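These are the residues of each chain, in order.
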Amino acid sequence: MSSYSIRKWVSHVEEVRHDGGEPLSTPLVKAAVGVVIANPFAGQRVQDLSELTEPSAELGRELGARAAALLGGLPVQSYGKGGIAGLAGEQEHLVACVTTIFGDAFREAVGGGEAWISSSSKVAAAGASLDIPLAHKDALYVRSHYDSVMITAPDVPKPDELFVVVGVASGPRPHERVGGLRADEITGGGLR
C-alpha cells in the first residue's frame, strides 16, 4: 500500500437475525470497510488522475480481503463500492480510486464475481455517512440481494482526504419476497 498515504481504516459490521419476521436460519452479515487516504489533488483542478487510478488494485485487494474477513467465514454473495471526497476534493478524485482496476482486484479478493459492482460517491464534510449499495456479485438482476450497508466516522474525511469504501453481504435481505431472478437460478455470467 505504498502508493497511498493512509491515515486509518474504518469498519462496520451488522449481524441481522430477523427483520420483524421469523428468525433467519443463518443470520445475514453485512460489512463495510473504508480506508482514509490523503488526496494528492485536494484544492487543485487536475486533468490526469492516474496517480489515484493506476495503483488502485492494491486498495481493491486489501479492502476486499478485510471486508470478506468480517463476514466470519460466510461467503460473499453481494458487494458494492464507493466513498467520500473531502470538501477540498472532487467527486471525480474518489471515482478515480474505484474504477475497473480497483473493481477487478476487489472481485478477486472476495472470491470472484461476474456482475457490475454498484457504486456510490459524493463530496462531504467529516462525519458524513455513506450508504454503499449492494447487489448480487454474479448477476445484477437478483432482486433479493438489493440492499445497502452504511458507514461513517466522526473525523472522516478531512477536507484533503478521500474515504474509499467497499461493502459486502453474506446473503439476501431478511424476509425478501418481491420475486424476480433468484440466486439459485443464475445460469451464466453476470452483467458488468
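Now for a description of the structure that goes with this document. Just so you know, these numbers come straight off a predicted model, no measurement behind them. (Residues numbered from 1 in each chain as written. Predicted model: local features only at pLDDT ≥ 70, side-chain atom pairs only at ≥ 80, totals over all residues. Heavy atoms only, no water.)

Digging into the packing of aromatic side chains
Aromatic ring pairs are defined here through the distance separating the ring centres and the angle between the ring planes.
No. 1: This structure, assessed with the given rule, holds two aromatic pairs.
No. 2: Relative to F106, the ring of Y79 lies with its centre 5.6 Å away and its plane at 40 degrees, an arrangement referred to as tilted. Of the two residues, Y79 sits in strand β3 (residues 78-85) while F106 sits in helix α4 (residues 100-109), which places them 27 residues apart along the sequence.
No. 3: By relative accessible area, Y79 is classed as buried at 0%.
No. 4: Residue F106 is classed as buried on the basis of its relative accessible area of 0%.
No. 5: Ring geometry for F102 against F106: centres 6.2 Å apart, planes inclined by 40 degrees, an arrangement best described as tilted. Within this pair, F102 and its partner F106 are both found in helix α4, separated by four residues, close to a single helical turn.
No. 6: Put simply, the rings of Y79, F102 and F106 pair up and form one aromatic cluster. (Phe/Tyr/Trp six-rings, centres within 6.5 Å; stacked < 30°, edge-to-face > 60°. Helix = DSSP H or I, 4+ residues; strand = E, 2+ residues; numbered from the N terminus. Buried < 20%, exposed > 50% of the residue type's maximum accessible area, 1.4 Å probe, protein only.)

Quick word on the nonpolar core
No. 1: Ranked by size, the top nonpolar core spans 30 residues in total, and within it I37, L59, C97, F102, F106, V164 and V168 carry the most contacts.
No. 2: Contributing elements (two or more residues each) for this core: β2 (28-38), α2 (56-69), β3, α3 (91-97), α4 and β7 (161-169).
No. 3: Per-element accounting of this core gives the leading share, five residues, to β2.
No. 4: C97 has contacts with I37, L52, S56, L59, F102, L162 and V164, leaving out every residue within four places of it along the chain.
No. 5: Membership of the second largest hydrophobic core comes to 18 residues, among which are V10, V36, L134 and F163. (Core = buried A, V, L, I, M, F, W, Y, C linked by side-chain atoms within 4.5 Å. Contact = heavy atoms within 4.5 Å.)

Overview of the pattern of salt bridges
No. 1: Evaluation of the coordinates by the stated rule reveals nine salt bridges.
No. 2: Measuring nitrogen to oxygen at the nearest pair gives 3.3 Å for the salt bridge that ties K30 to D147. Of the two residues, K30 sits in strand β2 while D147 sits in strand β6 (residues 147-151), which places them 117 residues apart along the sequence.
No. 3: Given the relative accessible area of 8%, K30 is considered buried.
No. 4: One salt bridge connects K137 with D138, and the closest N-O pair in it is separated by 3.2 Å.
No. 5: Bridged by salt links that share partners, the residues R7, K8, D155 and E161 form one connected network. (Salt bridge = Lys/Arg side-chain N within 4 Å of Asp/Glu carboxyl O.)

The values are spatial; any link to function lies outside them.
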